[in-house]
Amino acid sequence: MIKRFRFGTPVETGAVPVKPELQAEDFTGLKQTERGFKGSLETEEIVYGLGETVRGINKRGWLYESYCADEPEHREDKHSLYGAHNFLLLSGKRQIGFFFDTPGRITFDIGYSKADLLEIIFEDFSLDLYVITGDSPEQVVQEFRQLIGRSYIPPRWAFGYRQCRWSYLSSTEAREVVKKHKAAGFPIDSLYLDIDYMERYKDFTINPDALGDLDALVAEMKEEKIHLVPIIDAGVKVEEGYDVYEEGKEKGYFCKDENGEDFVVGVWPGKCHFPDMLNEDARKWFGRKYHRLLDRGIDGFWNDMN
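Residues numbered from 1 in each chain as written. Predicted model: local features only at pLDDT ≥ 70, side-chain atom pairs only at ≥ 80, totals over all residues. Heavy atoms only, no water.

## Comments concerning the sheet that holds strand 7 (residues 95-101)
Right, so step 1: Taken together, 5 strands build an open sheet; the order of strands is 1-10-7-6-4 and the sheet is antiparallel. With partners counted over all chains shown, the strands left at the sheet margins are strand 1 (2-7) and strand 4 (46-49), one partner each. Strand after strand, the sheet turns through a mean of 20° between neighbouring axes, direction not considered.
Right, so step 2: Note that strand 7 and strand 10 (residues 127-133) share 6 bridges and pair antiparallel. Residue pairing for strand 10: G97 is matched across the bridge by I132. (Pairing = 2+ DSSP bridges. Helix = DSSP H or I, 4+ residues; strand = E, 2+ residues; numbered from the N terminus. Axes fitted to C-alpha atoms, helices over the stretch in contact; angles between N-to-C directions.)

## Some thoughts on the packing of aromatic side chains
Two aromatic rings, taken as a pair, are described by how far apart their centres are and by the angle between their planes.
Right, so step 1: One pass over the full model with this rule turns up 23 aromatic pairs.
Right, so step 2: Ring geometry for F122 and F125: centres 5.4 Å apart, planes at 25°, overall stacked. Summarising the burial analysis for this pair, F122 and F125 share the class buried.
Right, so step 3: Here a set of aromatic residues connected by ring pairs shows up, and it is made of F7, F37, F98, F100, F108, F122 and F125.
Right, so step 4: In this structure, R55 is placed above the aromatic ring of W62, and the distance from its NZ or CZ to the ring centre is 4.1 Å.
Right, so step 5: We note R105 situated over the ring of Y67; from NZ or CZ to the ring centre the distance is 3.7 Å. (Phe/Tyr/Trp six-rings, centres within 6.5 Å; stacked < 30°, edge-to-face > 60°. Buried < 20%, exposed > 50% of the residue type's maximum accessible area, 1.4 Å probe, protein only. Lys NZ or Arg CZ within 6 Å of the ring centre and 35° of its normal.)

## Observations concerning helix 5 (residues 243-251)
Right, so step 1: Taken residue by residue, helix 5 has V244, Y245 and G248 as its buried positions. In a view along the axis of helix 5, the buried residues occupy a sector of 100°, so they form one face of it.
Right, so step 2: Looking at the buried residues of helix 5, the elements they touch are strand 14 (236-237), strand 16 (270-273), helix 6 (280-288) and helix 7 (291-294).
Right, so step 3: Where helix 5 ends, the next residue or the one after it, G252, has phi of about 70°, a positive value. (Arc of directions from axis to C-beta. Contact = heavy atoms within 4.5 Å.)

## Examining the side chain of D101
Right, so step 1: Following the sequence through the fold, D101 ends up in strand 7.
Right, so step 2: Although D101 is buried, it forms no salt bridge, and the closest oppositely charged side chain is K19 at an N-O distance of 4.1 Å.
Right, so step 3: Separated by 2.6 Å, the side chains of D101 and T13 make a polar contact.
Right, so step 4: Residues contacting D101, with those up to four places away along its chain left out, are T13, A15, V16, K19, L127, D128 and Y130. (Lys, Arg positive; Asp, Glu negative; His and termini not counted. Salt bridge = Lys/Arg side-chain N within 4 Å of Asp/Glu carboxyl O. Polar contact = N/O pair within 3.5 Å; in protein donor to acceptor, adjacent residues only side chain to side chain.)

## Points about the pairing of strand 7
Right, so step 1: Burial of strand 7 is extensive: 7 of the 7 residues sit out of reach of the surface.
Right, so step 2: For strand 6 (residues 87-91) and strand 7, the ladder comprises 5 bridges, and the chain directions are antiparallel. Among the inter-strand pairings, L88 is bridged to a residue of strand 7, identified as F98.
Right, so step 3: Taking the residues that link successive antiparallel strands as the turn, the strand 6-strand 7 hairpin has 3 residues.

## Some words on the sheet that holds strand 5 (residues 62-66)
Right, so step 1: In space, the 5 strands of this open sheet follow the order 2-3-9-8-5, with antiparallel pairing throughout. Each edge of the open sheet is held by one strand with a lone partner, namely strand 2 (31-32) and strand 5.
Right, so step 2: With 5 bridges joining them, strand 3 (residues 36-40) and strand 9 (residues 117-122) adopt antiparallel strand pairing. Residue pairing for strand 9: G39 is matched across the bridge by L118.

## Thoughts on the pattern of salt bridges
Right, so step 1: What the rule picks out here adds up to 20 salt bridges.
Right, so step 2: A salt bridge links E239 to K202, with the shortest nitrogen-to-oxygen separation between them at 2.8 Å. Placement of the pair is E239 in the loop between strand 14 and helix 5 and K202 in the loop between strand 12 (190-193) and helix 3 (208-211), with a sequence separation of 37 residues. Take E239 and K202: they sit in the same class, and that class is buried.
Right, so step 3: A salt bridge links D243 to R292; the shortest N-O distance between them is 2.3 Å.

Shown next, in the form of structure tokens:
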């Protein structure tokens with residue numbers, strides 16, 4: 001069973017395509033506080049969830065944050081990494097899941113300050129809370145997957161060996177890497193192309209000096225059953241005449257700062273704007289740009305700097 005409760009004025013994230021009706025009665029398993037929620041943890045209860053983060057499967061005994069950062073050191077004393085997956089599953093005598101639908105910063109104190117206490121603290125206490133109950137952990141997870149939609153299933157080749165580094169500077173170097181793998185009898189299913197394949201690191205462009213023969217390279221790799229996977233950064237270079245920048249600015253598709261101006265941040269190309277991925281039209285606009293590479297035979301992408 002899934003119930004939805006609303007607090008404050010949530011930002012629409014698009015995480016839940018079809019929303020259950022809002023509930024008015026008290027929700028199960030948590031008590032509302034001034035800054036978030038508190039709940040008890042039973043002695044033998046296991047806490048699953050939070051997706052890409054450190055430590056073990058059971059998340060008890062640590063402090064976690066949904067506050068994404070480009071963190072290169074995945075040590076056990078870290079509190080946040082790349083991803084924010086705001087789902088917890090409590091499994092023991094009870095089977096109950098909580099999904100906190102908000103793009104804001106959240107702190108999860110899972111038996112860290114006190115062994116039998118779960119506390120969730122929000123920087124901005126505005127969210128939709130989904131409470132999911134079932135007879136087993138599997139049933140709760142199944143209900144959650146039905147709520148947010150089916151998981152993306154990668155193609156079979158994506159489970160093979162994928163060669164990636166920063167960076168291959170030319171198609172000649174890419175071919176040499178594949179040649180050496182073959183000579184060594186080392187299987188390879190895909191080869192990643194980092195930022196140097198682009199023209200001055202601008203999204204959806206090709207550096208003619210590095211990969212002027214992209215179509216030929218794609219065809220050669222397909223003959224070898226190897227997939228090229230180019231990087232796409234979220235930062236769009238601020239440059240007059242660059243069509244992706246010009247279109248995004250004209251249509252208002254970039255994230256805004258506190259003054260309502262297009263937010264500026266430094267990424268590989270220099271000054272950049274970020275597409276507002278909470279804007280459905282902006283998502284579709286940016287997503288359609290991938291056809292510039294898809295139409296040339298590329299069938300995998302490395303999305304970064306987001």
